[in-house]
Amino acid sequence: MLDPAHPIVAMEGLTRRYDDTVAIDHVTLEVPRGTILGIIGPSGSGKTTLIRMLTGTLEPSEGKLSVLGQHPRRFTRHTREKLGYMPQHFVLYEELTATENLSFVAALFGLLWPKRGRRVKEMLRLVELWEARDRRARQLSGGMQRRLELACALVHDPLLLFVDEPTAGLDPILRTKVWAEFRRLRDVGRTLVVTTQVVGEAEYCDRVAVLSKARVIALAPPEELRRMALGGDVIEITTAQALDATRLENLPGVRAVHQDTPRHFLVVAADAATATPRVVQEIHAIGDEVVASSEYRPSFDEVFTALISQADGADADQAEEEDRGSRRRHAARAA
Ligand code: ADP
């Protein structure tokens, strides 16, 4: 039995290579029980490879991995029954109806009548396929098939659910509903690991692992990611008259000032709530006035772009440093 305090998923130095491609490069992270971990990254960053290792369909090249206290390659049937997996390309039985597909998966997981019938009905309603329940899977639209796949992953009420890009191809309204369902599941103690390319969906997760080029470049709650991307809280200020905003740089708690026009600038601060009154006071002291001030909340698109470019910048710096080191060693050898 898994200790309830033990993380439900734990990986350390997890690595997967395909010939000369490193698809996942020394990833270390844990997923506490009853939380949603979002794995967000551009196409090709390694999301599917990671999920496939977690579900036991792909062998890691290196590193430690534990899911529900076991290595996925050695899952017992009992453990498998506690897992739900919605892959990116699920295979529905095209000739079976929506109800039959769902009922088939429920039967595989050992659900008996009348519970099976009840769960199938609940799931069809949840994903809004009740009206289409007697249509064959091949007659359903792409979005409807995706919803049916989601219902198949949820029908046996898994303790831990892996979902690979669940909202791809869904309209925004349904996307919101799918996330509301994920959060409801989380609230009743389920654990979810969800990959997505839709960065706005970070908002719905408890923690987000940002994946770029096979590595986790940030792992934090969504609000924390915002702060990491910008270097702190950001206050947007407009003044009545032209002002040299560099004068605010030395105020306590202010980390940086970015001025774009003589009357408009952004102040990066450790904490917006304490820095804002100080900044406003200083502007008054200079003899100017604040016309508008508000906390600037960047979109997650901006946050991810900033985090990924910071990581790329750090990579470039390291490569340059290594290059310099190697040139120094060559020079030393030549001397
Ligand atoms: P994502 O899900 O984020 O799009 P993937 O995990 O599918 O990323 O892929 C990560 C990297 O591994 C990519 O460079 C991809 O080309 C490579 N890759 C994935 N699967 C294979 C495979 N079966 N053989 C060789 N390379 C692969």
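Given the structure is predicted, the values throughout are model-derived calculations rather than measurements.

Q: Can you help me understand the sheet that holds strand β8 (residues 207–212) in this one?
A: Paired through backbone hydrogen bonds, the strands of a sheet run either parallel or antiparallel to each other. Pairing within the open sheet is mixed, and its six strands lie in the order β5-β6-β7-β3-β8-β9. If you trace the sheet from one side to the other, it starts and ends with β5 (83–86) and β9 (215–220), each paired once. Within this sheet the neighbouring strands show an average axis-to-axis angle of 15°, counted without direction. Sheet topology note: the β8/β9 ladder contains five bridges and is antiparallel. Residue pairing in the sheet places Val-208 in a bridge with Ala-220 of β9. Those strands touched by helix α1 (residues 47–54) are β3 (36–40), β5, β6 (160–164), β7 (191–196) and β8, and its axis lies near 155° from that of β7. Here helix α6 (residues 172–187) sits on the sheet and contacts β3, β6 and β7; the angle it forms with β7, its principal contact strand, is near 155°.

Q: What am I meant to see in the nonpolar core here?
A: Proteins that are soluble and globular tend to have nonpolar side chains buried together. By size, the foremost hydrophobic cluster in this structure holds 49 residues, and its most contacted members are Phe-182, Leu-225 and Phe-304. Looking at which element gives the most residues to this core, the answer is helix α5 (residues 142–154), with seven residues. Apart from residues lying up to four places away in sequence, Leu-225 is in contact with Val-208, Val-210, Ala-218, Ala-220, Val-303, Phe-304 and Leu-307. Of all hydrophobic cores here, the second largest spans 25 residues; its members include Val-9, Ile-39, Met-53 and Val-193.

Q: Would you explain the site of the ligand in this entry?
A: Close to the ligand lie Tyr-18, Thr-21, Ala-23, Pro-42, Ser-43, Gly-44, Ser-45, Gly-46, Lys-47, Thr-48 and Thr-49, which account for all nearby residues. Between the ligand and the protein, one listed contact pairs a nitrogen atom with a side-chain N or O atom of Tyr-18 at 3.5 Å. Burial of the ligand by the protein chains amounts to 59% of its free accessible area of 560 Å². Listed by contribution, the elements that provide at least two residues to the shell around the ligand are β2 (21–31) and α1. Sort the elements by how many residues they give to the shell around the ligand and α1 lands first, with three residues. Considering only residue class, the shell around the ligand consists of three nonpolar, seven polar and one charged.

About the cut-offs
Residues numbered from 1 in each chain as written. Predicted model: local features only at pLDDT ≥ 70, side-chain atom pairs only at ≥ 80, totals over all residues. Heavy atoms only, no water. Pairing = 2+ DSSP bridges. Helix = DSSP H or I, 4+ residues; strand = E, 2+ residues; numbered from the N terminus. Axes fitted to C-alpha atoms, helices over the stretch in contact; angles between N-to-C directions. Contact = heavy atoms within 4.5 Å. Core = buried A, V, L, I, M, F, W, Y, C linked by side-chain atoms within 4.5 Å. Buried < 20%, exposed > 50% of the residue type's maximum accessible area, 1.4 Å probe, protein only. Near = heavy atom within 4 Å. Polar contact = N/O pair within 3.5 Å; in protein donor to acceptor, adjacent residues only side chain to side chain. Areas by Shrake-Rupley, 256 points an atom, 1.4 Å probe, with all protein chains shown as cover. Nonpolar A, V, L, I, M, F, W, Y, C, P; charged D, E, K, R; others polar.

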